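So you can see what is in the structure, the chains are spelled out below.
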Amino acid sequence: MHLQDQIIAELSKLDCDYAFYYRMAGASPIRIQTAENFPSASLIKLPILLAWLILEDEGDVSSDEYCDLDAEAQVEGAGLSWLLRQRRLPYRDVLLLMIALSDNLCANLVMRRAGIERLNACFRDALGLKNTRLERRFMDYEARTQGKENWISAEDYIRLFAVCRALPPAHRSVVNEMLGVNDDVGLWLRNIPRDTIVFRHKTGSMEGILHDWGYLEDRELFLLTRNVKNEKNVYSVLDTLGPLLLGGS
């Protein structure tokens, strides 16, 4: 069975809306989806990092500047910054916690410093992301009840692979390092032995949503989902596709 046929057979078992993308160097991409736009969960933290790097180049922010961890409401969920005794960290460390641990408080602090509308402008104008938008802070349940959400799209997250490849070497190193120390097995790594591949990725999850976007040196892939009714069903599909697409031994 051809690879695309194997992928289609597995994805057909999903009982949710999804967007799948896979590209190996030198081969045509495989893109299969039933939806285009998705609530972002934590996956939007990657373009937040990329936008910060742009704003830093423009002199508007600095990774060396110190951040007061108590400047925002002490939201919990993913991460651990609200437990730290040290309450002032350089933004470089805040960004690292935001990506590696998906720390929600740190993400909100970055959004506070950079400004939500300025981040959205970077998404749109500098990064070329047409449908990626911040409308609320992380863990802001009141805003969600008012219909505010953070959004991403399959097209935008395909573009992000090219954006990351085209980064200046210093920025590419920062992004690779931060994505590389993410220890969340997410979707793709669940059935791959630890430390057998270097998969630089970012995950995102909340009720009804499971995302995992990432790359190896020679391939790129993601799965975005919404309206997930049975997470075990998604995990079962990815336990088959992960080793098939990423390898590992």
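All of these numbers come straight from a predicted model, not from anything done at the bench.

Caption draft 1: Inspection of the sheet that holds strand 7 (residues 200–206) at higher detail. An order of 2-1-9-8-7 is seen for the five strands of this open sheet, with the pairing classed as antiparallel. Two strands close off the open sheet at either side, each with one partner strand: strand 2 (30–33) and strand 7. Ignoring strand direction, the axes of neighbouring strands in this sheet form an average angle of 5°. By the bridge criterion, four bridges tie strand 1 (residues 17–24) to strand 2 in an arrangement that is antiparallel. Bridge pairing in strand 2 places Tyr22 opposite Ile30. Relative to strand 9 (residues 219–226), helix 9 (residues 231–246) is tilted by about 175°, and along the sheet it contacts strand 1, strand 8 (209–215) and strand 9.

Caption draft 2: A look at the state of the cysteines. The final tally for this structure, using the stated rule, is zero disulfides. Take Cys67: it sits in no disulfide, and the sulfur closest to it among the cysteines is that of Cys106, at 7.0 Å. Relative accessible area serves as the criterion here: at 1%, Cys67 is assigned to the buried category.

Caption draft 3: Here's a closer look at the packing of aromatic side chains. Tallied over the full model, the rule gives seven aromatic pairs. Between Phe161 and Phe222, the aromatic rings sit 6.3 Å apart at their centres with planes inclined by 10°, giving stacked as the arrangement. One end of the pair, Phe161, is in helix 7 (residues 154–165); the other, Phe222, is in strand 9, and 61 residues separate them in sequence. Each member of the pair, Phe161 as well as Phe222, is classed as buried. Where Trp213 meets Tyr215, the ring centres are 5.7 Å apart and the plane angle is 85°; that geometry is what we call edge-to-face.

Basis of the calculations
Residues numbered from 1 in each chain as written. Predicted model: local features only at pLDDT ≥ 70, side-chain atom pairs only at ≥ 80, totals over all residues. Heavy atoms only, no water. Pairing = 2+ DSSP bridges. Helix = DSSP H or I, 4+ residues; strand = E, 2+ residues; numbered from the N terminus. Axes fitted to C-alpha atoms, helices over the stretch in contact; angles between N-to-C directions. Contact = heavy atoms within 4.5 Å. Disulfide = S-S within 2.5 Å. Buried < 20%, exposed > 50% of the residue type's maximum accessible area, 1.4 Å probe, protein only. Phe/Tyr/Trp six-rings, centres within 6.5 Å; stacked < 30°, edge-to-face > 60°.

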